[in-house]
Amino acid sequence: MQMEQLVALCKRRGFLFQSSEIYGGLNGFWDYGPLGVELKRNVREDWWHSMVTAHNELVAPPGAPEPYAMTGLDCTIIMHPQVWKCSGHYDLFHDYFVDCRESNRRYRYDQIVGRWVEYDGQRILVTSYQTGDDAAADIEQKALKFFKLRAKDKDRLQWTPGSISLDKISDMSDVLAPDAKSLGTLTAPREFNLMFETHTGALRDDSSKTFLRPETAQGIFVNFKNVLDSSRVKVPFGIAQIGKSFRNEITPRNFTFRSREFEQMEIEFFCRPESSAEWYRYWRDRRYQWYLDLGLAGDRLRLRDHDPDELSHYSCGTADIEYAFPFLAPGEYGELEGVAHRGEFDLRSHMEGKLVREGDGFAVEKDEHGQPRYRGSGKDLSYFDDETKERFIPHVIEPSAGADRATLAFLCEAYCEDEQPDEKGKMQKRVVLKLHPRLAPIKAAVFPLVKKDGMPEIAKDIYAALKPWFPVFYDEKGAVGRRYRRQDEAGTPFCITVDSQTLTDGTVTVRDRDTLEQWRVHKDACAEDIRARLA
RNA sequence: GCGGGUGUAGCUCAACGGUAGAGCAGUAGCCUUCCAAGCUACCUACGAGGGUUCGACUCCCUUCACCCGCUCCA
């Protein structure tokens, strides 16, 4: 399937529109249309239902070490600025980049390393975007090439001992960029702030600056004590939250996959440190299964454990649930959800202040005066276990899913084109969205076969009887084949048709979207029939 | 943000420095007894803003969006 076809369908049928489209659109923002809003709601509600409300805290689900409770939160988008300073987002999301005018590449300013070298009276800084030994070899080779020397002449280069990072250099004119052949091709560093800023209150100065949250997780951590004090939950337990997050991405791309405003479905699961590894594996597998259950096929969906060197600074284990989106190159996968073992990092950060890695553990980052760079809340976020009489900081497992990405993956997976014979027996292309019935925006459509003989009246009665139970669509216009095809494109799993036989025995046909099979049920029983099939 | 490409109706595609066309889709009606049928009518577009010109959809500039790279992640 080509992505363009899905994008066209989404617009044609009202799943997704570009935000502010009549003004030319806004890069990185998308609106859900009449069908899209129902689809996304179903994704969200199935997640909340299966993770939170349907969870039975009295018994351990398969694979879980023991029973656990689940509860929810709905936190604000704008929070105290200190939250982001302690979480690390404030520093992490203020990146400086330089561009190379020659190679048109962009580099993170602080990740370019270089060495001064002199030959024949000219002193230049040769740089590399690689790390460690790779960088050293890379730099040497580039220096030889720049001065047009052979490898055997490398002793004629005079190196200044030690490598330096680019942020120590003020003048770029003697810098040889990582992928350039000539000097001075790098632009001055420019800041890219990935957090949206705003101001709270009437004053607009640095003291009133606040941020739109770049993730929902922090709202959960800062409310950890509130939940403990108010809900009688005991470790292990999880807190779930669904909500909008904002990242001012440098390059929004690939339809809704990377948007600047997006919705997250996150769980922070708190457990005892010694059982955290077990819980991590449980959540990883549990979350993977959720996507499988909703119809993401095995070979386009995968669970990938991160390599140790890929782990975030705080994590001691992360797995991504990934989907082979059609806009990616063959063999490439895009992240739907990250399941991270975050240890005690987050709760400790909000107690003590922003943490940095120190040896095997973490320590509060200090400023030049030896004081905490960003001060924590000072509140005790540890947990006292009444049974064992132990106090500890719970470890955290974080399954963090993108609601828009999941929705997009379900759409991609559902998009099918097949061939079905028309009334003359000629094969016709059919576009059908094979969405899981639980996700389908419309569950059933009701048609009178023809608009006469009292069929519309019967169909309208059936429509009225179904409406209280699930979203239904009534249509009496044009040929029935056309109405079927329209519902196929909307992903409606069942079509109920009133025909002449209904007039005599009261039965209607129910048509299956995927197989096109039809069966007859009594018109008073079709709500039951379809509800059973949706479950 | 930088480089390359692309912007005409809901979709796919025409034409032209001088009145923007078609197919499909949509809407209304007629006709129709199960998979995009037929007939009739209707609706709908030059991404936006400047400039050149008697006149610009067409040429130039700017901008916005989309696609492909660099970068990043839910």
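Residues numbered from 1 in each chain as written. Chains lettered and ligands numbered in written order. Predicted model: local features only at pLDDT ≥ 70, side-chain atom pairs only at ≥ 80, totals over all residues. Heavy atoms only, no water.

A. Spatial organisation of unusual backbone geometry. A cis amide bond links valine 235 to the next residue, proline 236, at an omega of 5°. On the secondary structure map, proline 236 appears in the loop between helix H7 (224–231) and strand E14 (237–246). Even without being a glycine, asparagine 254 presents a positive backbone phi close to 60°. When you line up the elements, asparagine 254 lands in the loop between E14 and strand E15 (261–271). For lysine 389, which is not a glycine, the phi torsion comes out positive at approximately 60°. Secondary-structure assignment places lysine 389 in the loop between strand E21 (383–385) and strand E22 (390–392). Under the relative-accessibility criterion, lysine 389 is labelled exposed at 57%. (Helix = DSSP H or I, 4+ residues; strand = E, 2+ residues; numbered from the N terminus. Buried < 20%, exposed > 50% of the residue type's maximum accessible area, 1.4 Å probe, protein only.)

B. Layout of helix H9 (residues 345–352). Most of H9 is tucked away: seven of the eight residues are buried. Within H9, the full set of buried residues consists of Phe345, Asp346, Leu347, Arg348, Ser349, His350 and Met351.

C. Representation of the state of the cysteines in the model. Applying the stated criterion across every chain yields a total of zero disulfides. With no disulfide of its own, cysteine 75 lies closest to cysteine 86 among cysteine sulfurs, the gap being 17 Å. Assessed through its relative accessible area of 11%, cysteine 75 is described here as buried. (Disulfide = S-S within 2.5 Å.)

D. Here's a closer look at the environment of threonine 251. Note on placement: threonine 251 falls in the loop between E14 and E15. Separated by 223 residues in the primary sequence, threonine 251 and glycine 28 place their C-alpha atoms 8.1 Å from one another.

E. View of the nonpolar core. Within the largest apolar cluster, 58 residues are counted, with the highest numbers of intra-cluster contacts made by Trp283, Tyr291, Phe325 and Phe410. Per-element tally for this core: the top contributor is helix H10 (residues 403–414), with eight residues. (Core = buried A, V, L, I, M, F, W, Y, C linked by side-chain atoms within 4.5 Å.)

F. Spatial organisation of the sheet that holds strand E29 (residues 507–512). Spatial strand order, E27-E26-E28-E29-E30: five strands in an open sheet with mixed pairing. With partners counted over all chains shown, the strands left at the sheet margins are strand E27 (472–474) and strand E30 (518–522), one partner each. Mean inter-strand twist for the sheet, computed between neighbouring axes without regard to direction, equals 25°. Contacting strand E26 (444–448), E27, strand E28 (494–498) and E29, helix H11 (residues 455–466) crosses the sheet at an angle of about 160° to E26. (Pairing = 2+ DSSP bridges. Axes fitted to C-alpha atoms, helices over the stretch in contact; angles between N-to-C directions. Contact = heavy atoms within 4.5 Å.)

G. Quick peek at the sheet that holds strand E18 (residues 334–343). Taken in spatial order, the seven strands make up an open sheet running E3-E14-E15-E23-E18-E17-E16, and their pairing is mixed. The open sheet has two edge strands with one neighbour each: strand E3 (69–72) and strand E16 (301–305). Here the average twist between neighbouring strands, direction ignored, is 20°. Strand contacts of H7: E3, E14 and E15, with the helix running at about 135° to E14, the strand carrying the most contacts.

H. Quick peek at helix H2 (residues 34–53). Here H2 is 20 residues long and its end C-alpha atoms lie 26 Å apart, about the 28 Å a rise of 1.5 Å per residue gives. Restricting attention to buried positions, one finds in H2 the residues Leu35, Gly36, Leu39, Lys40, Asn42, Val43, Asp46, Trp47, Met51 and Val52. (Expected span 1.5 Å × (residues − 1).)

I. Highlighting the pattern of salt bridges. Tallied over the entire structure, the rule returns 42 salt bridges. Two residues, lysine 11 and glutamate 21, come together in a salt bridge whose shortest N-O distance is 3.4 Å. In this pair, lysine 11 sits in helix H1 (residues 3–13) while glutamate 21 sits in the loop between strand E1 (16–18) and strand E2 (30–32), placing the two residues ten residues apart along the sequence. The salt bridge partner of aspartate 229 is lysine 225, with a shortest N-O separation of 3.7 Å. In this pair, aspartate 229 and lysine 225 are both assigned in helix H7, four residues apart and thus about one turn of the helix distant. When its relative accessible area of 57% is taken as the criterion, aspartate 229 is described as exposed. The class for lysine 225 is partly exposed, based on a relative accessible area of 36%. When salt bridges with common partners are traced through the structure, they connect Lys40, Arg44, Glu263 and Asp404 into a single cluster. (Salt bridge = Lys/Arg side-chain N within 4 Å of Asp/Glu carboxyl O.)

J. Structural detail: the packing of H2 against helix H8 (residues 276–293). Close contact between H2 and H8 brings their axes to 12 Å; oriented N to C, the two are set at 140°. Here H8 runs oblique to H2, going by the angle between their axes. The two elements H2 and H8 cross, and the hand of that crossing is right-handed. Taking contact as the criterion, the partners of Val43, Asp46, Trp47, Ser50 and Met51 in H2 are, on H8, Trp283, Arg286, Arg287 and Trp290. (Parallel < 35°, antiparallel > 145°, perpendicular 65-115°, else oblique. Left-handed = near helix turned anticlockwise from the far one by under 90°.)

K. Here's a closer look at the packing of aromatic side chains. If you walk through the whole model with that rule in mind, you get 31 aromatic pairs. Ring geometry for phenylalanine 224 against phenylalanine 237: centres 6.1 Å apart, planes inclined by 10°, an arrangement best described as stacked. With phenylalanine 224 in helix H7 and phenylalanine 237 in strand E14, this pair connects stretches of sequence that are 13 residues apart. The burial state of phenylalanine 224 is the same as that of phenylalanine 237; both residues are buried. One residue, arginine 123, lies across the ring of tryptophan 116, its end atom 4.5 Å from the ring centre. (Phe/Tyr/Trp six-rings, centres within 6.5 Å; stacked < 30°, edge-to-face > 60°. Lys NZ or Arg CZ within 6 Å of the ring centre and 35° of its normal.)

L. Broad picture of the side chain of serine 87. Along the chain, the position of serine 87 falls in helix H3 (residues 81–87). Within polar-contact distance, the side chain of serine 87 engages the side chain of histidine 89 at 2.7 Å. Those residues within four positions of serine 87 in sequence are excluded, and the remaining contacts are Gln218, Phe345 and His350. (Polar contact = N/O pair within 3.5 Å; in protein donor to acceptor, adjacent residues only side chain to side chain.)

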